[in-house]
Amino acid sequence: MNVNDETTADELPHLAERLDHLFKTVPRSAEDRRLHTSSSVAELLQAQGISVTPNHIRNLTTGRRSNPSFILLKGLADVFHVPLDYFANDDVAQEIKDSIQALTAMRDTNVQRLLLRAHGVSPKSLDSILALLDRIRRIEGLDAPIDEDPE
Amino acid sequence: MIRGRPSAVTAAIRSAGPLLPDSGEIEHFLELVSADRGRPLVLLVGSLDDSVSGALISTPQADYIAVSDHASPERLCAIVCHEVAHLLMGHDHGPPLSQSLFDSGLLGDIDPELAKSVVATRCAYDHPDEVDAEVVATHISVELRRRVMRGGHTFYDDRWR
């Protein structure tokens, strides 16, 4: 997190882009495959006693607002099952994005099962798995679907 | 080695018998397994991260065995036999995909709920028994090798049936 001076100390420079990424990639749950909307997230947060409107959340995703309260930020992290650091720490954000990319590729390739023979696998091994999934999608004639707009 | 193992091992070894090609060639073996299962089994040899020597990836259309292009012919054979052993033993479904991904270590430190949200969960099955699969795999690779060494004939074809 960059803290350059007092005027930006409370702001998260990448909040809009990182929050928007979650809206576009993380379905509501294993049972409900729809993507979240500002309203569905606001409802969940309100149920937790966090006072927020859909419009406020929309402002955070578009960058019109970038200084949410701590409790709102924590609530957003919980809704999308990401650590609070996702919004503030570049390394954590990249790792989460890479993981979501891999999961999305698995889903788009209709992978039903994956068994790896591997030692010391790390998130860095993901690239070769993603390349494999690309090959399989080409073999099966699948086009990677584009996620529908959450709004 | 076989005596005393669970019946799943014996059954898998029996079912492998008719699928072993006289040539002992791995490609021919995969063709026979594909035909027997009525489902393509595709070998993908390609660039894999050094930490990953092989993978079995299943989609509704086919099963894919991925092997690193750095693997020696013997290693390739061992990996293919191991993955086929899983298939012969009926480990067709395995644990839920999100669980496999966590077990694999690929995803780092993310929340299981996040993984479950993105890849739909499926019914839980028992974890495939790697030791049993390796017993079956060893049998298959020995039998394939025996056929290659004998120029396509073996006197022991019926021994395991």
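(A) Layout of the overall build of chain B. When you go through chain B residue by residue, the secondary structure sums to six helices and three strands. Starting at the N terminus and walking to the C terminus, you meet the elements of chain B as α-α-β-β-β-α-α-α-α. Counting across all 161 residues of chain B, residues that qualify as buried make up 50%. When contacts within chain B are restricted to residue pairs at least 6 apart in sequence, long-range pairs at least 24 apart make up 56% of them. Put simply, chain B shows about 7,700 Å² of open surface, and 51% of that area lies on carbon and sulfur atoms.

(B) Main features of the packing of aromatic side chains. Residue and element names in this part refer to chain A. Under the counting rule described, the total for this entry stands at two aromatic pairs over all chains. Measuring from ring centre to ring centre gives 5.1 Å for F23 and F80, while their planes differ by 70°; the resulting arrangement is edge-to-face. Of this pair, F23 sits in helix α1 (residues 15-25) while F80 sits in the loop between α4 (70-79) and α5 (90-108), and the two are 57 residues apart along the sequence.

(C) Summary view of the sheet that holds strand β1 (residues 113-118) of chain A. Strand order in this open sheet of four strands is β1(A)-β2(B)-β3(B)-β1(B), and the pairing throughout is mixed. Pairing within the sheet leaves two strands with one partner each, and these edge strands are β1 of chain A together with β1 (41-46) of chain B. On average, each strand axis in the sheet is tilted by 15° relative to the strand beside it, whichever way the strands run. Across six bridges, the pairing between β1 of chain B and strand β3 (residues 63-68) of chain B is parallel. Paired with L43 of chain B across the strands is I65 of chain B, a residue of β3 of chain B.

(D) Here's a closer look at the nonpolar core. If you look at the biggest cluster of nonpolar residues, it comprises 55 residues, and the most contacted ones within it are L45, F80, F87 and M106 of chain A. The dominant element in this core, judged by the number of residues it contributes, is α5 of chain A, at seven residues. With 31 residues, the next largest nonpolar core counts L41, V67, L76 and V136 of chain B among its residues.

(E) Representation of the packing of α5 of chain A against helix α6 (residues 126-140) of chain A. All names here are of chain A. Running from N to C, α5 and α6 cross one another at 25°; their axes reach a closest spacing of 10 Å. In terms of axis orientation, α5 runs roughly parallel to α6. The element α5 and its partner α6 pack so that their crossing is left-handed. Where α5 abuts α6, its residues D98, S99, Q101, A102, A105, M106 and D108 lie against L126, I129, L130, L133 and R137.

(F) Structural view of the pattern of salt bridges. Residues and elements named next belong to chain B. Applying the stated rule across the entire model yields twelve salt bridges over all chains. A salt bridge links R37 to D63; the nearest nitrogen and oxygen atoms lie 2.5 Å apart. Taken as a pair, R37 in helix α2 (residues 26-37) and D63 in strand β3 lie far apart in primary sequence, 26 residues in all. A residue is classified by how much of its surface remains accessible, and D63, at 1% relative accessible area, is buried. Through salt bridges that share partners, R37, R39 and D63 make up one connected network.

(G) Structural detail: α4 of chain A. Those residues of α4 of chain A lying buried are L72, L73, G75, L76, A77 and V79 of chain A. For α4 of chain A, the secondary structure elements touched by its buried residues are α1, α2 (38-47) and α3 (54-62) of chain A.

(H) Main features of the side chain of S99 of chain A. Within the element layout of this structure, S99 of chain A appears in helix α5. Residue classification places S99 of chain A among the buried positions, given a relative accessible area of 0%. In contact with S99 of chain A, other than residues within four places in its own chain, are L126 of chain A together with L107 and I110 of chain B.

(I) Representation of the interface of chain B and chain A. At the interface, 54 residues of chain B touch 45 residues of chain A. Here chain B meets chain A over a buried area of about 4,200 Å², counting both sides, of which 62% is carbon and sulfur. Taken together, the links from chain B to chain A amount to zero salt bridges. Across the contact surface, chain B and chain A share seven residue pairs in polar contact (both at pLDDT 80 or more). Every element with two or more residues in the side of chain B that touches chain A is listed here: β1, β2 (52-58), β3, α3 (73-88), α4 (97-104) and α5 (112-118) of chain B. The class makeup of the residues in the side of chain B that touches chain A is 24 nonpolar, 19 polar and eleven charged. Across six bridges, β1 of chain A lies against β2 of chain B in antiparallel orientation.

Criteria and cut-off values
Residues numbered from 1 in each chain as written. Chains lettered and ligands numbered in written order. Predicted model: local features only at pLDDT ≥ 70, side-chain atom pairs only at ≥ 80, totals over all residues. Heavy atoms only, no water. Helix = DSSP H or I, 4+ residues; strand = E, 2+ residues; numbered from the N terminus. Buried < 20%, exposed > 50% of the residue type's maximum accessible area, 1.4 Å probe, protein only. Contact = heavy atoms within 4.5 Å. Areas by Shrake-Rupley, 256 points an atom, 1.4 Å probe, with all protein chains shown as cover. Phe/Tyr/Trp six-rings, centres within 6.5 Å; stacked < 30°, edge-to-face > 60°. Pairing = 2+ DSSP bridges. Axes fitted to C-alpha atoms, helices over the stretch in contact; angles between N-to-C directions. Core = buried A, V, L, I, M, F, W, Y, C linked by side-chain atoms within 4.5 Å. Parallel < 35°, antiparallel > 145°, perpendicular 65-115°, else oblique. Left-handed = near helix turned anticlockwise from the far one by under 90°. Salt bridge = Lys/Arg side-chain N within 4 Å of Asp/Glu carboxyl O. Buried area = accessible area lost by both parts, 1.4 Å probe. Polar contact = N/O pair within 3.5 Å; in protein donor to acceptor, adjacent residues only side chain to side chain. Nonpolar A, V, L, I, M, F, W, Y, C, P; charged D, E, K, R; others polar.

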